[in-house]
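Listed below are the residues making up each chain.
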Amino acid sequence: MAVEPFGILQVPAVGDSPYTNCYCEENIYLLAKRFADLPIIKPYWDSYAIFISNTSKTVALWGQQLASSGERPVIWDYHVVLALRERPRLLQQPSTSTSAERSTWIYDFDTHLNVPCHWKEYVEETFPPDAAIPQQYRSQFRVVPGEEYLLYFASDRSHMASETLSPEGSSASRYLASPPVYPAICGPQAVVNGVTNNLMTDFVSMDSSAGAYGTVMGLDTLINWCSGSELNSV
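Residues numbered from 1 in each chain as written. Predicted model: local features only at pLDDT ≥ 70, side-chain atom pairs only at ≥ 80, totals over all residues. Heavy atoms only, no water.

**Brief notes about the layout of surface pockets**
Point 1. Considering only enclosed or pocket space, the largest pocket measures out at about 310 Å³ in volume.
Point 2. K42, W45, D46, S47 and E147 are the residues nearest the centre of the largest pocket, which is lined by 16 residues in total.
Point 3. At the level of secondary structure, the elements contributing two or more residues to the lining of the largest pocket comprise helix 1 (24-36), strand 1 (45-53) and helix 3 (146-152). (1 Å grid on protein atoms, 1.4 Å probe; cavity = no way out; pocket = protein on both sides within 12 Å on 5 of 7 lines; lining within 4 Å. Points joined across faces, edges and corners; volume = space filled by probe spheres on them. Helix = DSSP H or I, 4+ residues; strand = E, 2+ residues; numbered from the N terminus.)

This is the structure in structure tokens:
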């Protein structure tokens, strides 16, 4: 990643980070890990996993590749994207960049938009104002710092198990979508804690009182956070 004069940054590319259809939480975990392993990233960017869901597990997202048309949403039970935010210390340096160049960038493997996409465009094209859609389809967001996500996330992929196929079927056929070829993910601290699966309870859940990871917020608060507010002040 090249760093230009006066704090203007080139936004990191996805590169060859793995992608598996219908396993967005693992795609984002591996992308977060890739960025965490690149020494040039950490001095300039903070990463966050953003889980998108609600209490009814029916969130409407526009601009998704699976949509039947550009004007129709996809209804997910949950979705996961990654956000990169320029570290605050850079904003104190002389800069000729615009707010768009030193703000938050969203990585969504399943969008029709560019990857990454500046947060303003991503929010405008993916989430209509809450007043424009029924309550059951409105999104809530759990924003989890990348390091926390890498340490504590665990999934045994049981949420993708098919209830209609017998366990005697092939490994892939026992899932609603073929699983990744690599082993199921279990973060190092999850291993220490003896946790093998906390995807739905600690990350997808939007119950802010459940003691899970990250911070739960609505759309307006997410917009404030993307534009510069800190997690502990939103």
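**Concerning the nonpolar core**
Point 1. In this structure, F51, L82, Y107 and Y149 are the most contacted members of the largest nonpolar core, which totals 31 residues.
Point 2. At the level of elements, helix 1, strand 1, strand 4 (79-86), strand 5 (104-107), helix 3 and helix 5 (199-204) are the ones that each hand at least two residues to this core.
Point 3. Ranked by size, the runner-up nonpolar core spans 24 residues in total, among them I50, V74, V81 and F141. (Core = buried A, V, L, I, M, F, W, Y, C linked by side-chain atoms within 4.5 Å. Buried < 20%, exposed > 50% of the residue type's maximum accessible area, 1.4 Å probe, protein only.)

**Here's the deal with the side chain of T58**
Point 1. Within the fold, T58 resides in the loop between strand 1 and strand 2 (59-61).
Point 2. Within the structure, T58 has its side chain in polar contact with the side chain of S56 (distance 2.7 Å). (Polar contact = N/O pair within 3.5 Å; in protein donor to acceptor, adjacent residues only side chain to side chain.)

**A few points about the sheet that holds strand 1**
In any sheet, the strands associate via hydrogen bonds between backbone groups, in a parallel or an antiparallel arrangement.
Point 1. A sheet is described by the order of its strands in space; here six strands give the open sequence 6-5-4-1-7-8, paired in antiparallel fashion. The strands lining the two open edges of the sheet, one partner per strand, are strand 6 (117-118) and strand 8 (215-217).
Point 2. Two elements, strand 4 and strand 5, share four bridges in a ladder whose sense is antiparallel. In the strand pairing of strand 5, R85 is matched with T104.
Point 3. Against the sheet, helix 1 makes contact with strand 1, strand 4 and strand 5, and its axis sits at roughly 25° relative to strand 4, the strand it touches most. (Pairing = 2+ DSSP bridges. Contact = heavy atoms within 4.5 Å. Axes fitted to C-alpha atoms, helices over the stretch in contact; angles between N-to-C directions.)

**Points about the packing of aromatic side chains**
Point 1. Summed over the entire model, instances satisfying the criterion amount to 14 aromatic pairs.
Point 2. Look at Y48 and W225: their rings are 4.9 Å apart centre to centre, the planes differ by 85°, and that puts the pair in the edge-to-face class. Taken together, the residues Y48 in strand 1 and W225 in helix 6 (residues 219-226) connect sequence positions 177 residues apart.
Point 3. Measuring from centroid to centroid gives 5.2 Å for F203 and Y213, while their planes differ by 20°, and the two rings are stacked. Here F203, found in helix 5, pairs with Y213, found in the loop between helix 5 and strand 8; they are 10 residues apart in sequence, far enough to count as distant. No difference in accessibility class separates F203 from Y213, as the two residues are buried. (Phe/Tyr/Trp six-rings, centres within 6.5 Å; stacked < 30°, edge-to-face > 60°.)

**Considerations on empty space enclosed by the protein**
Point 1. The full count for this structure, using the stated rule, is two cavities of 30 Å³ or more.
Point 2. Size it by volume and the largest cavity reaches roughly 60 Å³.
Point 3. Around the largest cavity sit I50, I52, V81, I106, W119, Y122, V123, F127, F141, L222 and C226, which together line it.
Point 4. Elements with a minimum of two residues in the lining of the largest cavity: strand 1, helix 2 (119-126) and helix 6.
Point 5. Residue contributions to the lining of the largest cavity peak at three residues, all from helix 2.
Point 6. Residue composition of the lining of the largest cavity, grouped by class: 11 nonpolar, no polar and no charged.
Point 7. Here the second largest cavity is characterised by a volume of approximately 40 Å³.
Point 8. In this structure, the second largest cavity is lined by A60, F127, P128, D130, I133, Y137, S139, F141 and L219.
Point 9. Of the residues in the lining of the second largest cavity, the class split is seven nonpolar, one polar and one charged. (Nonpolar A, V, L, I, M, F, W, Y, C, P; charged D, E, K, R; others polar.)

**Considerations on the environment of F141**
Point 1. As for its placement among the helices and strands, F141 is situated in strand 7 (residues 140-145).
Point 2. Remark: the alpha-carbon pair of F141 and A49, spanning 92 residues in sequence, is separated by 9.9 Å.
Point 3. With residues near it in sequence (within four places) discarded, F141 still touches I50, F51, I52, F127, M206, T215, V216, M217, G218, L219 and L222.

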